[in-house]
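Structural description and commentary
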Amino acid sequence: AKARKWIADLGSDDFKTRERAAKELSDLGPSVAALLREALKARPTAEARARIEKLLDEMSTALRADVLEPPDGVSVVSMDDLLARFRKELADKNPAVRGNAPWHIVVDYGAPAEEVLPDLEKMLKTEKDASPVAGAAWGAYHLGAAAKPLLPLLREATKTADKNVASICQQAIDQVEKAKSEPVPEAEAKKRATIRKEIREFVAGLKGKAGK
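Residues numbered from 1 in each chain as written. Predicted model: local features only at pLDDT ≥ 70, side-chain atom pairs only at ≥ 80, totals over all residues. Heavy atoms only, no water.

**Focus: the pattern of salt bridges**
In this structure the tally under the stated criterion is 21 salt bridges. A salt bridge links E47 to R18; its shortest N-O distance comes to 2.8 Å. Of this pair, E47 sits in helix α4 (residues 46-59) while R18 sits in helix α2 (residues 15-28), and the two are 29 residues apart along the sequence. A relative accessible area of 35% means that E47 is categorised as partly exposed. In this structure, E201 engages K197 in a salt bridge whose closest nitrogen and oxygen atoms are separated by 2.6 Å. (Salt bridge = Lys/Arg side-chain N within 4 Å of Asp/Glu carboxyl O. Helix = DSSP H or I, 4+ residues; strand = E, 2+ residues; numbered from the N terminus. Buried < 20%, exposed > 50% of the residue type's maximum accessible area, 1.4 Å probe, protein only.)

Right, dumping it as structure tokens:
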């Protein structure tokens, strides 16, 4: 209620009232971004619009899922959606699609190692086509030290008659072996888990609105 009053005060005839309202809204930060965007749609005075836009610009440096408002027509996906897409690609009949899947999920999307290692392990164990084996090896290469559980399978894969695949697997082995493990501090792990949860809920909320 106070935020709405201060937004209304941005159009006051009194300069000090406008200044105080702007300061109070600025102190509230991104939590009032949605209300400010709502106020813009109400066609405020020119000065009030300028103040609102300035406040929104200042708030744009803080990225928070609870105040994001994606433009119409823009698709938003979570890491869970990307992982689901990745696993669908791994089941594709086309070897090239399966081979490109690890690159997309590891390099393009930065999926957590612990979530893709089982998939890469399965690829190295079961794939017979060159492209998926090479793709799994490149995924391991970019995961670095986190891919050390895959080393026995990568060594086995170097025995293939396909010299290109054998070379890629050896490059992955060399990279994984020399990479240094960088444990994630507990506080950082919790922070990432919280962000992941917020994004998941944010995307679910958007899908719910689209359904309505």
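**A short note on α4**
Taking 1.5 Å per residue, 14 residues should reach 20 Å; α4 reaches 20 Å between its end C-alpha atoms and fits that length. For α4, the full list of buried residues reads A48, R51, I52, L55, L56 and M59. End-on, the buried residues of α4 take up no more than an arc of 135 degrees, which puts them together on one face. In α4, the exposed residues that point more than 90 degrees away from the buried face are A46, K54 and D57. Where α4 is buried, its residues meet α2 and α3 (33-41). (Expected span 1.5 Å × (residues − 1). Arc of directions from axis to C-beta. Contact = heavy atoms within 4.5 Å.)

**With respect to the packing of aromatic side chains**
The final tally for this structure, using the stated rule, is one aromatic pair. Pairing W138 with Y141 gives two aromatic rings, centres 5.3 Å apart and planes at 75 degrees, and the pair type is edge-to-face. On the criterion of helical spacing, the pair formed by W138 and Y141 is a turn pair, its members being three residues apart in helix α8 (residues 130-143). With a relative accessible area of 26%, Y141 lands in the partly exposed category. (Phe/Tyr/Trp six-rings, centres within 6.5 Å; stacked < 30°, edge-to-face > 60°.)

By themselves, these figures tell us nothing about what the structure is for.
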